[in-house]
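Structural description and commentary
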Amino acid sequence: MKTFFDLKQEVRATGRCHGCGGCVTICTAVNYGALQMGDDHIPRYKSVDKCIDCGLCYLICPEVGELDDQVKRNVDWSAPMGRILQVSVARAADEDIRERGTDGGVVTAMLLHLFDSGKIDGAIVSRQTEEGRVPWLATSREDIIEAAGSHFDAMQGTVALGEHYSTYSPSARALGSLMRQGLKRIAFVGTPCQIKSVRKMQALKIVPSDAIKFYFGLFCTSNFDLDDDKLHTMEELAGCTMSEVTKMNIKKDFILRTKDGQRKHIPLAELDFARRDACRYCDDFSAEYADISFGGLGADRGWTTVIIRSPLARAAYADAREKCLEIQSIDDHPGLDARILSTIMESSTAKKQQQVVAAE
Ligand SMILES: Cc1cc2nc3c(=O)[nH]c(=O)nc-3n(C[C@H](O)[C@H](O)[C@H](O)COP(=O)(O)OP(=O)(O)OC[C@H]3O[C@@H](n4cnc5c(N)ncnc54)[C@H](O)[C@@H]3O)c2cc1C
Ligand code: SF4
Ligand code: SF4
Ligand code: SF4
């Protein structure tokens, strides 16, 4: 049985640990809490004597191959980038949600709709605090609206790690709040690696993953770790200071919107110096294990690209589109879905190829 001892050697020591916190959350929830997150947001033993060698932490780590086949079977995964039932471009009908949203505010609009119609009791999202973006269990309309927007929406949206900053928000850690509050129907919003980790918990039927009813995945090219020097380099590349930036987003480029309304684009390749090491090993761009995936890539500005992957998500989307979404019609945009799929496929393939190189 492999345990955290093996995670330390295989994942942590090789720089693949991206601090999702899944191992610590599981160990605390199910066992005696042998693990803790360090100040560097990397897991470590809190008390090795409390480890009962159950191996759960190893099994649910998204960086090891255990359970991959079972998770794939559970979600009807198929090559080359997961199950795809439908592709769409949408935005929130509510202008205020659109304004708050990263792209078209579709994630927020759908969460609100599921909440208002009694399908969920809350959602695990990511909220802006003084220390940056943190994982959060939203249990009211106001909470869900407050959490709208993306990690890249402002530099204050980074999580301070001493003198470093990270754009990563470890959503899996909010599962602890879920355990304490005992809610039974939750939507989980996360990056592809986070979705995979929670899907593994679901495959093992570990509480509280049984309460996750909807997996909302966000497209993800990378997350970034920045220190003061790297921030400065980024400012030089952008041609503006971060204090001028009001909004950030990521599509094909890293996009900064400044107070005077300008948009600054930095090609992602030029930001390689700030990429998190763990992200170099990642092969999932489009959140292949989600029920429904969202991104800005492929859509016009102010709209969200949506990939529907499960029948449950298809039903929820069909219901939401009648009530709280505007959809770009294929009639007005012939060939739109094929064009979008090909754009996403390009990014997905590029990420898989780059991951293979990194792993060699
Ligand atoms: C780290 C990261 C990288 C991304 N990379 C790309 C990319 O390369 N290409 C691309 O097309 N799209 C990317 N996206 C997705 C894109 O930025 C939007 O989140 C997506 O298009 C949905 O937009 P929306 O306006 O519909 O969502 P919104 O209505 O703004 O809702 C976004 C939801 O995501 C939650 N959230 C924000 N940050 C995080 C986080 N780090 N972890 C978990 N939940 C979070 C918010 O709390 C909110 O509930 C990325 C998102 C993130 C968080
Ligand atoms: S008790 Fe189980 S989950 Fe916790 S560290 Fe040990 S092997 Fe991992
Ligand atoms: S489960 Fe997450 S935090 Fe734990 S070792 Fe794996 S990647 Fe790191
Ligand atoms: S690139 Fe992969 S490992 Fe990095 S945050 Fe995105 S999904 Fe997670």
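Residues numbered from 1 in each chain as written. Chains lettered and ligands numbered in written order. Predicted model: local features only at pLDDT ≥ 70, side-chain atom pairs only at ≥ 80, totals over all residues. Heavy atoms only, no water.

Brief notes about the site of ligand 3
The criterion, for reference: The nearness test applies per residue and asks whether one of its heavy atoms lies within 4 Å of the molecule or strand. Charged residues are taken to be Asp, Glu, Lys and Arg, nonpolar residues to be Ala, Val, Leu, Ile, Met, Phe, Trp, Tyr, Cys and Pro, and polar residues to be all remaining types, Gly included.
Taken together, L7, C17, H18, G19, C20, G21, C23, P43, C61 and P62 make up all the residues around ligand 3. Residues that form the shell around ligand 3 fall into these classes: seven nonpolar, three polar and no charged.

Focus: the side chain of Q328
This is how the line gets drawn: Helix numbering and strand numbering both begin at the N terminus, where a helix is a DSSP run of H or I of at least 4 residues and a strand a DSSP run of E of at least 2. Three labels apply to residues, based on accessible area from a 1.4 Å probe with only protein chains included: buried if under 20% of the type maximum, exposed if over 50%, partly exposed otherwise in between. Contact definition: two residues touch when any of their heavy atoms are within 4.5 Å.
Turning to its location among the elements, Q328 is positioned in the loop between strand 16 (325-327) and helix 12 (336-359). Accessibility expressed as a relative area gives 10% for Q328, which makes it buried. Apart from residues lying up to four places away in sequence, Q328 is in contact with V89, D300, W303, H333 and L336.

Quick word on the site of ligand 2
The full set of residues close to ligand 2 is T3, F4, C27, N31, L35, C51, I52, D53, C54, G55 and C57. Partitioned by chemical class, the residues of the shell around ligand 2 number seven nonpolar, three polar and one charged.

Remarks on the domain arrangement of the protein
Rules: Note that the domain bounds reflect an automated or database-derived domain assignment. In this description, buried area is defined as the sum, over both parts, of the accessible area (probe of 1.4 Å) that is lost when the two are combined. Only one rule defines a salt bridge in this text: a Lys or Arg side-chain nitrogen within 4 Å of an Asp or Glu carboxyl oxygen. Pairs of N or O atoms within 3.5 Å make up the polar contacts considered here, provided that, within protein, one atom can donate a hydrogen while the other can accept it, and that residues adjacent in sequence are counted only when both atoms are side-chain atoms.
By domain assignment, the protein separates into domain 1 (1-66) and domain 2 (83-223 + 278-359). Computed from C-alpha coordinates alone, the two centres of domain 1 and domain 2 are separated by 25 Å. Every contact between the two is made by 25 residues of domain 1 and, on the other side, 19 residues of domain 2. The contact between domain 1 and domain 2 buries some 1800 Å² in all, and 65% of this surface belongs to carbon and sulfur atoms. Linking domain 1 with domain 2 are zero salt bridges. Summed over the shared surface of domain 1 and domain 2, the number is six residue pairs in polar contact (both at pLDDT 80 or more). Looking at the side of domain 1 that touches domain 2, the elements that each hand over two or more residues are helix 2 (22-30) and helix 3 (56-60). Per element, the largest residue contribution to the side of domain 1 that touches domain 2 is five residues, and it comes from helix 2. Per-class residue counts for the side of domain 1 that touches domain 2 are twelve nonpolar, nine polar and four charged.

Points about the pattern of salt bridges
For the coordinates displayed, the defined rule picks out 17 salt bridges. Here D121 ties to R185 by a salt bridge, and the two come within 2.7 Å at their closest N and O atoms. Taken together, the positions of D121 in the loop between helix 6 (106-116) and strand 4 (122-129) and R185 in the loop between helix 8 (175-181) and strand 8 (186-190) put the pair 64 residues apart, joining distant regions of the chain. D121 gets classed as partly exposed once you look at its relative accessible area, which sits at 24%. Close ionic contact of R280 with D272 constitutes a salt bridge, the shortest N to O distance being 3.1 Å. Judged by relative accessible area, which is 33%, D272 ranks as partly exposed. Through salt bridges with shared partners, a single network forms among D68, K196 and K200.

Quick notes on unusual backbone geometry
A cis geometry characterises the amide bond from A79 onward to P80, with omega recorded as 5 degrees. Here P80 is to be found in the loop between helix 4 (68-74) and strand 3 (86-92). Even without being glycine, L67 reaches a positive phi, approximately 70 degrees. Its location among the elements puts L67 in the loop between helix 3 and helix 4.

Brief notes about the pairing of strand 8
Across a regular strand the side chains alternate sides, sitting on one face of the sheet and then on the other. Our working rule: A pair of strands is considered paired only if DSSP assigns at least 2 bridges between the two. Handedness of a crossover is defined as follows: orient the strands so they point away from the viewer, and if the path from the first strand over the helix to the second runs clockwise, the crossover is right-handed.
The buried fraction of strand 8 is high, at five of five residues. With burial as the criterion, each face of strand 8 is covered, one bearing I186, F188 and G190 and the other bearing A187 and V189. Of the strand pairs in this sheet, strand 4 and strand 8 are connected by three bridges, and their pairing is parallel. Across the sheet, residue I124 finds its bridge partner in strand 8, namely F188. In the classification by handedness, the crossover that spans strand 8, the intervening helix 9 (residues 192-203) and the parallel strand 9 (residues 212-218) is right-handed.

Here we look at the nonpolar core
Inclusion rule: Throughout this description, the term nonpolar core refers to a set of buried Ala, Val, Leu, Ile, Met, Phe, Trp, Tyr and Cys residues connected via side-chain atoms within 4.5 Å.
Core analysis: the biggest nonpolar cluster contains 32 residues, and M110, L111, F216 and I292 have the highest contact counts within it. If you tally residues by element for this core, the top one is helix 6, at seven residues. If near-sequence neighbours (up to four positions away) are discounted, I292 is found in contact with M110, Y215, F216, G217, V306, I307, I308, A313 and Y317. Formed by 26 residues, the second largest nonpolar core is a distinct cluster that contains I26, I60, F188 and M201.

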